[in-house]
Amino acid sequence: MLELKNVSKVVGGATHIADVSLTLAHGSLNVLLGPTLSGKTSLMRLMAGLDKPTSGSVWFDGKDVTGLAVQQRNVAMVYQQFINYPAMTVYENIASPLRVAGVEKGKVDSEVRKAAELLKLTPYLDRTPLNLSGGQQQRTALARAIVKNASLVLLDEPLANLDYKLREELREELPKIFAEAGTIFVYATTEPHEALLLGGNTATLSEGRVTQFGPTVEVFRKPVDLVTARTFADPPLNTIMLGKQGNHFLLDGGVNLPVPAALAGIADASYIIGFQPHHLSLERPNPAAVPVRAKVSITEITGSESFVHLDFADVRWIMLAHGIREFEPDEQVEVFIDPRHIMVFDEHGRAVSVAPRLAA
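Residues numbered from 1 in each chain as written. Predicted model: local features only at pLDDT ≥ 70, side-chain atom pairs only at ≥ 80, totals over all residues. Heavy atoms only, no water.

(A) Seen up close, the pairing of strand S3 (residues 29-33). Judged by how many residues are buried, S3 sits mostly within the fold: 5 of 5 residues are covered. Along S3, one buried face is formed by Leu29, Val31 and Leu33 and the opposite face, lined by Asn30 and Leu32, is buried too. Across 4 bridges, the pairing between S3 and strand S9 (residues 201-206) is parallel. From the neighbouring strand, Leu32 faces S9, where its bridge partner is Ala203. (Buried < 20%, exposed > 50% of the residue type's maximum accessible area, 1.4 Å probe, protein only. Helix = DSSP H or I, 4+ residues; strand = E, 2+ residues; numbered from the N terminus. Pairing = 2+ DSSP bridges.)

Encoded structure:
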């Protein structure tokens, strides 16, 4: 078990990590989700022992390892910027941690070839890294982490340089590999959809703070605050400030959004309503959905999906619609908000409650 207890890291007066406490169990998959400069890499370096916290402590299986150097820990780390030994073949790069550990030759060979097959590297085992593509070099670094059989494996956006098909395969295979070995698996990403695909647990980070930690789907569906909800939204979360009176939230233009039953007891006041782009639709999803007139700003067509940017009551929303949707700039369209999927926050951004929601 890896435990971070009130860990902070301050560098030159700038706070990189602020009072983080986390407990990660053996065999668990843990995602660090946050934008660039949110603290993901800094937190991983503290977990690995590459950096020492300014305050707080790091424990592993009940032992305080705060001052223990990374060389004295059974840790493997793979960065988006892959690192390989340029003079060694792919085979020897993968085999290097096994040779250092004194593993017998036959075992080394079987482990290297097993990892190479998983990562589609078998045809390249005799090549040196400089004769590989960037994606192949990254796979070599991943294979080396797999064979090391480390107690803690830290992957810092490791799949960003791989092609789509292999990335999808590895998202499925890597958690299984490390779970079977009882490894604590930590995976950093900026992409909410990647966190959802990986599953496990997710810690959302913002400005060096962990805003929420728990089962990935639960954090996505029930964020404790607006910062977490925004971290877990791509395209960006749609929000609007509005007032509650009785059984309705009042929107501009005389539009009333029914208060979901689960929120019926909250006080009449101003609230921030949030909902995901795929919960704004052109077709009425159910009888309770409320129509709103909005103006199209721009439409981005990706092929199978369209991102429609809409202006409503001085706020910008994004609607994720399936298929090709073509609109003219400034065109007025009717869109539907489903009260079952809204999230409600107070004026300070704290979650008031979350309406029961369907699967994302």
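(B) The sheet that holds S3, seen in detail. Spatial strand order, S6-S7-S8-S3-S9-S10: 6 strands in an open sheet with mixed pairing. Here the strands that pair on one side only, and so sit at the sheet edges, are strand S6 (75-79) and strand S10 (209-215). Neighbouring strand axes in the sheet, compared pairwise and without regard to direction, differ in orientation by 15 degrees on average. With respect to the sheet, helix H1 (residues 40-48) is in contact with S3, S6, strand S7 (152-156), strand S8 (184-189), S9 and S10, its orientation differing from that of S7 by roughly 160 degrees. (Axes fitted to C-alpha atoms, helices over the stretch in contact; angles between N-to-C directions. Contact = heavy atoms within 4.5 Å.)

(C) Spatial organisation of the nonpolar core. Ranked by internal contacts, the top residues of the largest apolar core, which has 41 residues, are Ile94, Val112, Leu142, Leu155, Leu170, Leu174 and Phe185. If one sorts the elements of this core by residue count, helix H4 (residues 134-148) sits on top with 6 residues. Not counting chain neighbours up to four residues away, the residues in contact with Ile94 comprise Val112, Leu121, Leu125, Thr140, Ala143, Arg144 and Val147. One finds Phe275, Val290, Met319 and Val344 within the second-largest nonpolar core, a separate group that totals 28 residues. (Core = buried A, V, L, I, M, F, W, Y, C linked by side-chain atoms within 4.5 Å.)

(D) A look at the pairing of S10. Two strands pair when backbone bridges link them, and S9 and S10 are joined in this way by 6 bridges, in the antiparallel orientation. Residue pairing in the sheet places Asn201 in a bridge with Pro215 of S10. In sequence, S9 turns back onto S10 through a hairpin of 2 residues, with Glu207 there showing a positive phi of about 50 degrees.

(E) Broad picture of the packing of helix H2 (residues 90-100) against helix H3 (residues 105-118). Following both chains from N to C, one finds H2 and H3 inclined at 130 degrees, their axes separated by 9 Å at the closest point. One element, H2, and the other, H3, form an angle in the oblique class. In terms of crossing hand, the pair formed by H2 and H3 is right-handed. Contacts between H2 and H3 involve Tyr91, Ile94, Ala95, Leu98 and Arg99 from the former and Val108, Asp109, Glu111, Val112 and Arg113 from the latter. When grouped by side-chain class, the residues that make up the contact of H2 with H3 number 6 nonpolar, no polar and 4 charged. (Parallel < 35°, antiparallel > 145°, perpendicular 65-115°, else oblique. Left-handed = near helix turned anticlockwise from the far one by under 90°. Nonpolar A, V, L, I, M, F, W, Y, C, P; charged D, E, K, R; others polar.)

(F) Structural context of the sheet that holds strand S16 (residues 290-301). The 5 strands lie next to each other as S15-S19-S16-S17-S18, forming an open sheet whose pairing is antiparallel. Looking at the sheet topology across the chains shown, the edges are occupied by strand S15 (280-281) and strand S18 (315-322). In terms of strand pairing, S16 meets strand S19 (residues 332-337) through 6 bridges, oriented antiparallel. Across the sheet, residue Val292 finds its bridge partner in S19, namely Val335.

(G) Expanded view of H3. For H3, spanning 14 residues, the distance from its first C-alpha to its last is 20 Å, which sits close to the expected 20 Å at 1.5 Å a residue. For H3, every residue scored as buried is listed here: Val108, Val112, Ala115 and Ala116. Mapping the buried residues of H3 onto a view down its axis gives an arc of 100 degrees, with all of them on the same face. Facing away from the buried side of H3 by more than 90 degrees, the exposed set consists of Lys114 and Glu117. Capping the start of H3, Glu104 holds a side-chain oxygen 2.9 Å from the backbone nitrogen of Gly106, two or three residues further along. Immediately downstream of H3, the backbone of Lys120 shows phi near 60 degrees, a positive value. (Expected span 1.5 Å × (residues − 1). Arc of directions from axis to C-beta. Polar contact = N/O pair within 3.5 Å; in protein donor to acceptor, adjacent residues only side chain to side chain.)

(H) Here's a closer look at the packing of H2 against H4. As a packed pair, H2 and H4 sit with axes 8 Å apart at the nearest point and diverge in direction by 30 degrees. The angle between H2 and H4 falls in the class roughly parallel. Seen from above, H2 lies across H4 with right-handed handedness. In this structure, H2 contributes Val90, Asn93, Ile94, Ser96, Pro97 and Leu98 to the contact, and H4 contributes Thr140, Ala143, Arg144, Val147 and Lys148. A class-by-class count of the residues in the contact of H2 with H4 yields 6 nonpolar, 3 polar and 2 charged.

(I) Here's a closer look at unusual backbone geometry. Here the residue pair Asp234 and Pro235 is connected by a cis peptide bond, since its omega of 5 degrees sits within 30 degrees of zero. By secondary structure assignment, the location of Pro235 is in the loop between helix H8 (226-231) and strand S11 (238-245). Its identity is not glycine, yet Leu37 carries a phi of approximately 70 degrees, on the positive side. If you trace the backbone, Leu37 turns up in the loop between S3 and H1. The exposed category is assigned to Leu37, whose relative accessible area is 81%. Residues other than glycine seldom take positive phi values, yet Asp314 does so here, at roughly 70 degrees. Its location among the elements puts Asp314 in the loop between strand S17 (305-312) and S18.

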